[in-house]
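An overview of the molecular structure
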Amino acid sequence: MTLDRDSLTPALRDVLDSVPDTSGVVTESVMNTAGDTDIEGYVARPEGDDLRPGVLVIHDWFGLVDHVKVRAEMLARLGYVALAGDIYGADDRPANGDEAAALAGKFYGDTDLFRERVLANLDVLRATPGVDPERIAVMGYCFGGSASLEAVRAGADVAGVVSFHGGLKTGAPAEPGSVSAPVLVLTGADDPVVPPSDVVAFEDEMKSAGSDDWQVVTYSGALHAFAVPDADAPEHGAAFQATANRRSWAAMQTFFGEVFA
């Protein structure tokens, strides 16, 4: 299975093409389970049989849509094996914002379930052919950014975690000694979902947990969803910003270059 370029929005095509495909990418859909729930994923990998770092990419509150698949393919073009994961379950695909909010709220309100689904997707990635199990990272957008931080709070054995405009609050703050992976938080200075008070609280949480490698990068003028190409709801505090998108992607690449070295 491959991305249908003709079905992508022009904005998504532009973002995809910002990473040249120089060596070929193979993609497929995969089905697995998390407890008694079927979960669907989308794997993108470079051609060839070499072991490569693996990256779990977690979707925003709209679920396993084209955006997260585009990001997985972009990562494959950079040389990683990427899994666009599924937190909701294969039978739960929100049709609109109200349904998305309800589904996301289910997980925000149940930290144990949230972490269980993230860790189940990590297990899928580790078992994916071509993945070096010693070099695994997690990243995500909005809801997925929150999910990636729950992985590190849960003490997941990963090389690093990146959150793109994810919520920083949690129902179960990290315990002392629980955060062992490097953390990169990329947030918007004007994001109403993540106000400065949340950033300060998150930094205090990381300090209290004893994390010795965390970063928060704040992009001026950026609203929520600044790295989601078709986000255009400034009246609700969410909008794509090309500069923040470009710089955050570059920051992610630098971060992965360090943690996978």
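Residues numbered from 1 in each chain as written. Predicted model: local features only at pLDDT ≥ 70, side-chain atom pairs only at ≥ 80, totals over all residues. Heavy atoms only, no water.

Another point: the overall build of the protein. Within the protein one finds seven helices and 10 strands. Taking 18 Å as the expected radius of gyration for a compact globule of 261 residues, we find that the protein reaches 17 Å, a close match to that expectation. Dimensions of the protein, computed from C-alpha atoms along their principal axes, come out at roughly 45 × 40 × 35 Å. Split into buried and exposed, the 261 residues of the protein put 54% on the buried side. The contacts in the protein between residues at least 6 apart in sequence include a share of 68% that link residues at least 24 apart. Total accessible area on the protein is roughly 10,900 Å²; 49% of this is exposed by carbon and sulfur atoms. The positive charge centre, built from 18 side chains, and the negative charge centre, built from 41, are 3 Å apart in the protein. (Helix = DSSP H or I, 4+ residues; strand = E, 2+ residues; numbered from the N terminus. Rg over C-alpha atoms; globule rule 2.2 N^0.38 Å. Buried < 20%, exposed > 50% of the residue type's maximum accessible area, 1.4 Å probe, protein only. Contact = heavy atoms within 4.5 Å. Areas by Shrake-Rupley, 256 points an atom, 1.4 Å probe, with all protein chains shown as cover. Lys, Arg positive; Asp, Glu negative; His and termini not counted. Charge placed at Lys NZ, Arg CZ, Asp CG, Glu CD.)

For any pair of aromatic rings, geometry is given as the distance between the ring centres together with the angle between the planes. Going through the model one piece at a time under the given rule, you end up with 14 aromatic pairs. When the centroid spacing of 5.4 Å and the interplanar angle of 45 degrees are considered together, the rings of Y88 and F143 count as tilted. A residue pair is termed long-range when its members are at least 10 positions apart, and Y88 in the loop between strand 4 (81–84) and helix 3 (97–108) and F143 in helix 5 (residues 143–153) qualify at 55 residues. Considered together, Y88 and F143 belong to a single accessibility category, that of buried residues. (Phe/Tyr/Trp six-rings, centres within 6.5 Å; stacked < 30°, edge-to-face > 60°.)

This part takes up unusual backbone geometry. Positive phi, close to 55 degrees, is recorded for C142, a residue that is not glycine. Summarising the element assignment, C142 is placed in the loop between strand 5 (131–141) and helix 5. Look at A225: it is not a glycine, yet its phi comes out positive at around 65 degrees. For A225, the location among the structural elements is in the loop between strand 8 (214–219) and strand 9 (232–233). What makes A225 buried here is its relative accessible area of 7%.

Pairing within the open sheet is mixed, and its eight strands lie in the order 1-2-4-3-5-6-7-8. Across the chains shown, the open sheet's two edge strands, defined by having one partner strand only, are strand 1 (25–34) and strand 8. Along the sheet, successive strands turn relative to each other by an average axial angle of 20 degrees, direction set aside. Relative to strand 4, strand 2 (residues 37–46) is paired through three bridges, and the arrangement is antiparallel. (Pairing = 2+ DSSP bridges. Axes fitted to C-alpha atoms, helices over the stretch in contact; angles between N-to-C directions.)

Moving on, we come to the environment of R45. Among the secondary structure elements, R45 is positioned in strand 2. Expressed as a C-alpha distance, the spacing of R45 and G145, which sit 100 residues apart in the sequence, is 22 Å. Engagement of the side chain of R45 in a polar contact is seen with the side chain of E28, the distance being 3.3 Å. (Polar contact = N/O pair within 3.5 Å; in protein donor to acceptor, adjacent residues only side chain to side chain.)

Contact pair helix 4 (residues 111–126) / helix 5: the axes reach a minimum separation of 9 Å and the direction vectors enclose 90 degrees. Comparing the axis directions of helix 4 and helix 5 gives the class roughly perpendicular. Every residue of helix 5 that contacts helix 4 at T111, F114, R115 and V118 is listed here: F143, S146, A147, E150, A151 and R153. Each residue belonging to the contact of helix 4 with helix 5 can be placed in one class, and the counts come to five nonpolar, two polar and three charged. (Parallel < 35°, antiparallel > 145°, perpendicular 65-115°, else oblique. Nonpolar A, V, L, I, M, F, W, Y, C, P; charged D, E, K, R; others polar.)

Space inside the largest pocket adds up to approximately 710 Å³. What lines the largest pocket is a set of 35 residues, among which D60, W61, C142, F143 and H224 lie closest to the centre. When residues of the lining of the largest pocket are assigned to their parent elements, the largest contribution, five residues, is made by helix 3. Grouping the constituent residues of the lining of the largest pocket by class yields 19 nonpolar, nine polar and seven charged. (1 Å grid on protein atoms, 1.4 Å probe; cavity = no way out; pocket = protein on both sides within 12 Å on 5 of 7 lines; lining within 4 Å. Points joined across faces, edges and corners; volume = space filled by probe spheres on them.)

Below, the discussion takes up the packing of helix 1 (residues 10–17) against helix 2 (residues 66–77). Their axes nearest at 9 Å, the elements helix 1 and helix 2 cross at an angle of 15 degrees. The orientation of helix 1 with respect to helix 2, classified from their angle, is roughly parallel. Read as a crossing pair, helix 1 and helix 2 show a hand that is right-handed. Residue-level contacts link L12, V15, L16 and D17 of helix 1 to D66, H67, V70, R71, E73, M74 and R77 of helix 2. (Left-handed = near helix turned anticlockwise from the far one by under 90°.)

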